[in-house]
Amino acid sequence: MEEDIKRVKVTWSDDLSHNSEEERERERQAQLERELAALPVKPVYEPTELKALVSYIMEMTTIYDLRPEDWNDEAKFAIEEWITEPKALILCVYFKGDVLKAASDIPLSPVYDLSYFIRQPDYVFKAETFHDDIIFGTFVDSVESNIIKHLELVFAPFFFAVNTWPDSVKSEFCSQIHTFLAKLTDMYYKMLGLTVLYIPREGQNLTFEKASADRELVKRLEGVVVYWTHQIKSCIEDQSSVASQKELLCPSDEYDFWVYRHENLSSLLYQLRNPAVKHITKILVTTHSTFIHQFQSLCDEINQKLKEATSNIEFLQIIKQPCAILECVDDPDEIANHVPQIINLFRVIWMESPYYNSEARITNLFKALSNQIIILCRNYVKLDELFEGNTKKALGEFSKCIDCCKRYREIYELMAEAHSDVNPSSWELDIGAIFNYIDSFVQRCFDMLDVCNCMIIFGRIDELEVINKPMFGGARGDQFEAKCDQIEHMFHDALDNVRAVADTILDVQAPSWYDDILQFRAVIKDIEIIIENLVETVFEGVNHVEEAVVALYSLHNYSKRKSLKRIFKRKTAEVWAMFSDEVQEAKKDMVSGRGQYPTDLPSFAGRAAVLRMRKNRLAYLKKVMTDASVWLMACSNSEDVIMHVNRLMGAIDVAIRELFISWTHNLDEKCGAGLNKTLMRKSAENPGLLECNIDVNILELCKEAHHWENLGLDIPLHAYQVYNKSKTVFYVYESVLAVVKGYNKIIDSLSDDERQLFKPLTSVCILLFNA
């Protein structure tokens, strides 16, 4: 059984002076026995004593947000194990997540804070002496705090008590410790917003007479007082809050600063009343130190600065509520309702405050008000929604912000003028400093208005309407559409670059935006040049008004860009000029072709039909241009062109009416008498043949009447009676022509003898035809 027991591993000598392996083994066994004999016996505690020791540790544990219900059985058991194990030197209590842990080793993962308990090696605790025997403390997440605490309370007293070092070495070393602790204490508490003096413990156990006799000690204390003087001087001179690169100070921040300053000065005054500080001061006064007088004068000045802070808090309190109401405003349109009251309260502070009546401080108040307005406007604008496509909404938001800032400036100037009317030359504030950020913010809003418009024009991004992609006809249509795609891709790349710096767009403290917007505008300028070239190329293939209007409609979205309006205005003028040219051409044709008409139409109605076609063409072009005027850019000569069109169309109507009147005057009132003639007759020119005897004037009348009716004119009654039989007349006419043609064809095929032979039959036919 003994062979199965696992032996404790021990180190043993591997000295070559041993003569045999047996001797080394004997030595190793002897060393093992000595170590086993030296192991302390674990103590055995009474349950009440062990419970008391555990409760002591629980009460001495000081970590953040520790509550009685956080103590769990596992942690209590680990404490008991540590108490009963003299070999365990350290106990750590800490939170791992939300669970309280107790362990006899240092945690491997980072923790927020940690309470530690240290014992002497192999020491057994007793309940009655536990508090005297234990070493304990708390590490927090601040490295500076831990260093200050341990160096000042643990190590420094040992160094100050050393008597074996030469005086010069000890003095230099202790001076460096004081300097290090003073600077580290100042830095640590400055990060917390406090001014805390490092009070050295050296010399506190000596009377001031004895301490004054130690010249090296006095020199070290003088160094500490010099640093105190620097700290107090910095605290006194800190009379205005300073904004970081990521914040804008508001009127409420100005009030909070003076509250903080009052608290800081009060705490500094409290520290100066510390007996240790008074003891050091008395030592330096006794030794007639040259540094103590400036320190004492600064201490006296603290009371005056504290009085100033108290007065400023009282006066700034009157703007606290109005500014708090202003901070809750959601709509920039409402800001102007609150600004006059706040400016009036600024005037009250300016006129009544004994310490806050300087132009510099009132200027700072107005700058803070400007910052507050900028913050409210910045919170109102939703840039993420803009880049998601809500361009029209963003246009309204930026416009509201611009109007708000302009209204704020108008109110300021109006109230400044009213104040100066009562007290001339009394309102002389730095307007540039007050409105510097406001002007910068307004400019950025204008920049974003430009970006929004470009998103609509070049990116076709509009949440309220669908903007169709430009479409072109003709052989080069695909080429033009590809160019439009290139424009859109270029713009989206530039927009992505703007979106990447969205955090700096409305941050008036970030100057990098000016470079970003310049890059964006450079791309937009390139796009505009491409569009200008595209417009010129598209219009090279335009031959008539309709094509020009379609081309302008395809490119119409680009015409909304202010810098492109010039070329689109020029092209619009060209379209109207093309229309005007067509009008003039129609006028010339009307004059030169007054007597011309198609051969298949009658004389009067044919000329009227030609005029009507010209009028319809002009009416169609007029409608095209009139309908396009809804979206087409305004043109200076458009009204003149329309006037000329209307006149020409009126002249055409007059000419048509005159032709109709001329036709009606040429009509015989007895035109129907021609219907009583025989249908056929013997040809006088060609003996033996027949001719159609239907009155040609009747046929012409029917044709004229038919076309005049189509032109919408009323046919005279006597002519209408003939025209009403036009179907029958034309049917008979066609039939007679067919008979005559057939008869003449047969007769032409007969010789003279054959004609004599068939004369009786042909005579009968003629009689039948005329019957």
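Computed from a predicted model, the values in this text were never measured in an experiment. (Residues numbered from 1 in each chain as written. Predicted model: local features only at pLDDT ≥ 70, side-chain atom pairs only at ≥ 80, totals over all residues. Heavy atoms only, no water.)

Sorry if this is basic, but what is going on with the overall build of the protein chain here?
Helices and strands together make up the secondary structure of the protein chain, namely 29 helices and six strands. Relative to its full complement of 771 residues, the protein chain shows a buried share of 43%. For the protein chain, long-range pairs separated by at least 24 residues make up 71% of all intrachain contacts whose partners lie at least 6 apart in sequence. Of the roughly 43800 Å² of accessible surface on the protein chain, 54% is carried by carbon and sulfur atoms. (Helix = DSSP H or I, 4+ residues; strand = E, 2+ residues; numbered from the N terminus. Buried < 20%, exposed > 50% of the residue type's maximum accessible area, 1.4 Å probe, protein only. Contact = heavy atoms within 4.5 Å. Areas by Shrake-Rupley, 256 points an atom, 1.4 Å probe, with all protein chains shown as cover.)

I would appreciate a short explanation of the pairing of strand β2 (residues 99–103) in the present structure.
The side chains of a regular strand alternate between the sheet's two faces. Two strands pair when backbone bridges link them, and strand β1 (residues 90–96) and β2 are joined in this way by five bridges, in the antiparallel orientation. Paired with Phe95 across the bridge in β2 is Leu100. Remark: two residues form the turn of the hairpin made by β1 and β2, two consecutive strands paired antiparallel; Gly97 in that turn has positive phi of roughly 75°. (Pairing = 2+ DSSP bridges.)

Help me out: how do you make sense of the side chain of Glu222 in this one?
Tracing the backbone shows Glu222 in helix α8 (residues 215–237). Although Glu222 is buried, it makes no salt bridge; Lys219 carries the closest opposite charge, 7.6 Å away. Discounting chain neighbours no more than four positions away, the residues touching Glu222 are Leu284, Ser289 and Phe291. (Lys, Arg positive; Asp, Glu negative; His and termini not counted. Salt bridge = Lys/Arg side-chain N within 4 Å of Asp/Glu carboxyl O.)

Can you walk me through the sheet that holds strand β4 (residues 135–139) in this structure?
The strands making up a sheet associate through hydrogen bonds between their backbones, and the pairing can be parallel or antiparallel. One open sheet holds the four strands; their spatial order is β2-β1-β3-β4, and the pairing between them is antiparallel. Each edge of the open sheet carries a strand with a single partner, namely β2 and β4. Across this sheet, the average inter-strand angle for adjacent strands is 15°, counted without regard to direction. Contacts between helix α3 (residues 73–83) and the sheet are confined to β1, β2 and β3 (114–118), with β2 contributing the most and set at about 10° to the helix. (Axes fitted to C-alpha atoms, helices over the stretch in contact; angles between N-to-C directions.)

Sorry, what's going on with the UniProt feature "coiled-coil region" (unreviewed entry) in the protein chain here?
Following the UniProt record, one finds the feature "coiled-coil region" (unreviewed entry) at residues 292–319. From the first C-alpha to the last, residues 292–319 spans 41 Å; its make-up is 89% helix and 0% strand. (UniProt positions renumbered as here; feature names shortened; annotations may be inferred.)

How should I be thinking about the confidence of the model for the protein chain in this particular structure?
Regions with low pLDDT carry predicted coordinates that are not meant to be interpreted in detail. With 87% of its residues at a pLDDT of 70 or more, the protein chain shows a mean pLDDT of 83. Here residues 1–18 is a poorly scored stretch, pLDDT under 50, and it has 17 contacts once near neighbours within four places are set aside; other chains count. (pLDDT = per-residue confidence, 0-100.)

I tried to follow the pattern of salt bridges on my own but got confused; where do I start?
As a working rule, side chains carrying opposite charge can pair if their charged atoms are close by. Under the definition given, this model contains 29 salt bridges. Of the charged contacts in the structure, one is a salt bridge between Asp331 and Lys400, with a shortest N-O distance of 3.1 Å. With Asp331 in the loop between α12 (320–327) and α13 (335–352) and Lys400 in helix α16 (residues 391–422), this residue pair connects regions lying 69 residues apart in the sequence. Looking at Lys400, the relative accessible area reads 24%, which means it is partly exposed. In the salt-bridge network here, residues are joined through shared partners; they are Asp447, Asp450, Arg521, Glu528 and Arg561.

Hey, could you run me through the packing of aromatic side chains in this one?
Here the structure, examined in full by the defined rule, presents 24 aromatic pairs. Aromatic pair Phe346 and Phe366: ring centres 5.1 Å apart, planes at 85°, arrangement edge-to-face. Highlighted residues: Phe346 in helix α13 and Phe366 in helix α14 (residues 359–380), separated in sequence by 20 residues. Neither Phe346 nor Phe366 differs from the other in exposure class; each is buried. With a centroid separation of 5.5 Å and an interplanar angle of 75°, the aromatic rings of Phe472 and Phe480 are classed as edge-to-face. For Phe472, a relative accessible area of 12% translates into the label buried. The class of Phe480 is buried, set by a relative accessible area of 8%. Sitting over the face of the ring of Tyr514, Arg444 holds its NZ or CZ atom 5.0 Å from the ring centroid. (Phe/Tyr/Trp six-rings, centres within 6.5 Å; stacked < 30°, edge-to-face > 60°. Lys NZ or Arg CZ within 6 Å of the ring centre and 35° of its normal.)

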